[in-house]
Amino acid sequence: MPAYASIRPPALRPGDTVAVVSLSAGLAGELPHRYAIGKRQLAETFGLRVIDAPHATRDSDWLRVNPKARAEDLHWALENRDVHGIISAIGGDDSVRIVPYLDLGLIAAHPKVFTGYSDTTISHLAFGKAGVGSFYGMAVLSTAAENGGIARFSADSFSATVMSTEPVGELAAATEWTEEQLDWNRPELQSRRRRWVPNYGWLWLQGDEPVRGPLMGGCLEVLAMALGTAIWPDLADFDGAVLHLEISEDRPPVSQVVAWIRNFAALGIVARISALLFSRPESMSLRDTLALYEAVRDELVVSGRPDLPFVANLDYGHSSPMGVLPLGRQVLVDPRQRRLSILEPAVC
């Protein structure tokens, strides 16, 4: 296989076809109105043609007992010459079931833009192991189907990351964010924009020296599920990496998050990475959020990494708005100037 996440897929362009896959939960079929709006807003915002993979709209009960069919949908999209990119419908909690059926050689042979977050971390690990860079963020039922239209921050991030062959460049905090949850089962709320408030920005919690390295990571709960499977990166793949972590709406206890960081330290991962990025948790009070960040920082110190640049409260993963991170690409983390920058194009 090529080096971890080293291959950049071809850029998406207006007029290209993207296929939607349901590799986790079957919400695309269970929320047809929301799904249709997400597809429409993708098409209108980016000029893309959006189609379904063969089993994209099957319900969760069917998908749960048919993990091979889910993997086959991904393979179908990769091998289909008319499909230029692949977008996850939504996350879930059992994508790890598809691991035995994934063909890493096929992923390597057909590099394409692949986006998603949360449980889609499993597929991102598979792409990385196959040597192909993928993109953490943008799912149809959440980001693309945002009430009142795709958030400007999300749209700009998607365009700069997967639709431009220029270096992605400087990252910036979103100017606003929201915690309001509108019921996806109520179509009459779809046109109402959620209540957004000013964003208080990133938190630079430790570290003094600028570092750079390839971007890795995903949803922490899912990374814990993937540990030890065939798609888990080699330990050497973490050398110098900038590790991005986030947690799901399930809000695991602080003690559990710390235990996962401690486990990564015991595996030798914390000693090898060059920086840690952590995105803002969803539906967590400010007090609890700051307590989480403080507990992670304490664990880094105990693990012998008081020097590790640690930047928290980013707008990726389970966060609204949600940007897109190009896994595998070189990122600069500069605590002195408080800058994050993707130093290279994410696509070719």
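Anyway, here's the lowdown on the structure attached to this text. Since the model is a prediction, treat every value here as computed from it, not as a measurement.

### Digging into the pattern of salt bridges
Using the criterion set out here, one finds 20 salt bridges in the structure. For R339, the salt bridge identified is with E170, shortest N-O distance 2.9 Å. Here R339, found in strand β16 (residues 339–342), pairs with E170, found in strand β6 (residues 169–170); they are 169 residues apart in sequence, far enough to count as distant. Overall, the relative accessible area of 25% leaves R339 in the partly exposed class. E170 sits in the partly exposed class, given a relative accessible area of 46%. For E209, the salt bridge is made with R336, and the minimal N-O distance between the two is 2.7 Å. Here R336 lies in the loop between β15 (330–334) and β16 and E209 lies in the loop between β9 (203–206) and β10 (211–219), a separation of 127 residues in the sequence. When salt bridges that share partners are traced, they join R70, D94 and R97 into one network.

### Things to note about the layout of surface pockets
Space inside the largest pocket adds up to approximately 660 Å³. In this structure, the largest pocket is lined by 36 residues; those nearest its centre are Y117, W184, E249, E282 and H318. When contributions to the lining of the largest pocket are tallied by element, the ones reaching two or more residues are α7 (140–144) and α9 (220–226). Examining the composition of the lining of the largest pocket, we find that 3 residues originate from one element, α9, more than from any other. Grouping the amino acids of the lining of the largest pocket by side-chain chemistry returns 13 nonpolar, 14 polar and 9 charged. If you add up the space inside the second largest pocket, you get close to 230 Å³. Forming the boundary of the second largest pocket are 16 residues, of which A151, R152, F153, E176 and R193 lie nearest the centre.

### Description of the nonpolar core
Grouped together as the largest cluster of nonpolar side chains are 106 residues, with contacts concentrated most on F46, F158, L245, F264, F278 and V333. In this structure F278 touches L245, E246, I247, V257, L292, Y293, V296, F310, V311, A312, N313 and L314, once residues within four positions along its chain are discounted.

### Observations concerning the sheet that holds β15
Pairing in this open sheet of 8 strands is mixed, and the strands run β6-β16-β15-β10-β11-β12-β13-β9 from one edge to the other. Both outer strands of the open sheet, β6 and β9, are each paired with one neighbouring strand and no more. Note: β10 against strand β11 (residues 242–246), 5 bridges, orientation parallel. Residue C219 lies in a different strand from β11, and its bridge partner there is E246.

### What about the packing of helix α10 (residues 254–266) against helix α12 (residues 286–302)?
Packed helix pairs are specified by the crossing angle of their axes together with the interaxial distance, meaning the distance between the axes. In contact at an axis separation of 10 Å, α10 and α12 are set at 30 degrees when each is read in the N-to-C sense. In terms of their interaxial angle, α10 and α12 are classed as roughly parallel. Regarding α10 and α12, the two cross each other, and that crossing is right-handed. Contacts from V254, V257, V258, I261 and R262 of α10 reach α12 at L292, A295, V296, E299 and L300. Along the lines of polarity and charge, the residues of the contact of α10 with α12 split into 8 nonpolar, no polar and 2 charged.

Reading the values: the criteria
- Residues numbered from 1 in each chain as written.
- Predicted model: local features only at pLDDT ≥ 70, side-chain atom pairs only at ≥ 80, totals over all residues.
- Heavy atoms only, no water.
- Salt bridge = Lys/Arg side-chain N within 4 Å of Asp/Glu carboxyl O.
- Helix = DSSP H or I, 4+ residues; strand = E, 2+ residues; numbered from the N terminus.
- Buried < 20%, exposed > 50% of the residue type's maximum accessible area, 1.4 Å probe, protein only.
- 1 Å grid on protein atoms, 1.4 Å probe; cavity = no way out; pocket = protein on both sides within 12 Å on 5 of 7 lines; lining within 4 Å.
- Points joined across faces, edges and corners; volume = space filled by probe spheres on them.
- Nonpolar A, V, L, I, M, F, W, Y, C, P; charged D, E, K, R; others polar.
- Core = buried A, V, L, I, M, F, W, Y, C linked by side-chain atoms within 4.5 Å.
- Contact = heavy atoms within 4.5 Å.
- Pairing = 2+ DSSP bridges.
- Axes fitted to C-alpha atoms, helices over the stretch in contact; angles between N-to-C directions.
- Parallel < 35°, antiparallel > 145°, perpendicular 65-115°, else oblique.
- Left-handed = near helix turned anticlockwise from the far one by under 90°.

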